[in-house]
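If you want the building blocks of each chain, they are given just below.
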Amino acid sequence: MTIQLTHFSAAFVFALFASIVFGITHRETTREMVRYGLYCFAMFLGGLLIAGWAMWLVRR
Amino acid sequence: MANQPIAKAKAADPAQPDNTMSIIAPALGWLIPGAGHMIQKRWIRGVLLFTSIGTLFVLGLMMQGHIYKANGGDILDILGFVGDLGAGGMYIVTLAMNWGQGTIAFAIADYGTKFMIVAGLLNFIAVADAYHIAIGKKP
C-alpha cells in the first residue's frame, strides 16, 4: 500500500506530529505543552510559507 | 572552595538516584514509542507520542521511503541508520519484513525516508523524556 502526498500536505503532517512530540517533551505542565506545541506548529508552517514565497521571489 | 557551587547545585537538584524504572522506562520507550510514558502512568502523553511517532514512521514507509541498515560507508548513510534505529521495534519489524528496501526514485520517496529518520530521532527525545520522568526530574 502506497500513499502520495503533495509537498504541502507532507510538510503539514510532519509539522503536526513533530510539534506534538516537541510540546510533550520540552515543557513540564500541560498548559505549557499545548502552548509550545502550537508555537512549534506555527513556526514550522510559517517558515514553510516564508521559504516558499522567498524561493518564488528569487526565481522571478 | 572551588567545589562549593557544584555541591550546592547537586543539593538543589530534585532528581532521584537511578532506580529500576529509570532503566525499564527508556528501554521500553525505545522499543515501543510512548510505552516509557505509559508504564509510568502518563497515559495521554504516551498515547500521543505513540500516535505521532508511529504515524510518521508508517507514513514514511507508505511513501516508499528507504530504510537504512547498519553500514560503514557514507556519513549520511550512517546518520540515516542512527536516525532509523531510534524507532526501535518499528525499525526491527521493518527490517524483518524486508520493507523499505527500494531505491529513492522520486521526491515523495525521499520525503518518506526523512519521515522515518525523524520518527526515530523524535523517539530518542521521547526516551530521554521518559528517563527524566523516571528519575523525578520532570513531573
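Residues numbered from 1 in each chain as written. Chains lettered and ligands numbered in written order. Predicted model: local features only at pLDDT ≥ 70, side-chain atom pairs only at ≥ 80, totals over all residues. Heavy atoms only, no water.

**What to know about the environment of Tyr39(A)**
As a reminder, the rule being used: A run of H or I in DSSP becomes a helix once it reaches four residues, and a run of E becomes a strand once it reaches two; helices and strands are each numbered from the N terminus.
With respect to the element layout, Tyr39(A) can be found in helix α2 (residues 30-59). Each C-alpha atom, one on Tyr39(A) and one on Gly23(A), is 8.8 Å from the other, the two residues being 16 residues apart in sequence.

**A word on the pattern of salt bridges**
Where charged atoms from two side chains of opposite charge approach closely, those side chains can pair. Residues and elements named next belong to chain B. Rules: For this analysis, a salt bridge means a side-chain nitrogen from Lys or Arg found within 4 Å of a carboxyl oxygen belonging to Asp or Glu. When a residue's accessible area, from a 1.4 Å probe over protein chains only, is under 20% of the maximum for its type it is buried; when over 50% it is exposed; and in between it is partly exposed.
Within this structure, the stated rule accounts for two salt bridges over all chains. Close ionic contact of Asp-110 with Lys-114 constitutes a salt bridge, the shortest N to O distance being 2.8 Å. You can see Asp-110 and its partner Lys-114 sitting in helix α7 (residues 107-134), four residues apart, about one turn around the helix. In this structure Lys-114 comes out as partly exposed when scored by relative accessible area, which is 40%. A salt bridge links Lys-138 to Asp-129; the nearest nitrogen and oxygen atoms lie 2.7 Å apart. This pair shows no difference in class: Lys-138 is buried, exactly as Asp-129 is.

**Describing a nonpolar patch on the surface**
Residue and element names in this part refer to chain A. Quick reminder of the rule: Exposure above 30% relative accessible area and the lack of any salt bridge qualify a residue for a patch; like charges then connect within 9 Å, and the nonpolar side chains Val, Leu, Ile, Met, Phe, Trp and Tyr within 5 Å. What sets the accessible areas is the Shrake-Rupley method with a 1.4 Å probe; for residues, cover comes only from the shown protein chains.
Together, Phe-8, Phe-12, Leu-16, Leu-49, Trp-53, Trp-56 and Leu-57 make up an exposed nonpolar region whose accessible area comes to about 740 Å². Elements with a minimum of two residues in the nonpolar patch: α1 (7-26) and α2. Structurally, the position occupied by Leu-49 is in helix α2. Residue class for Leu-49 comes out partly exposed when judged on its relative accessible area of 48%.

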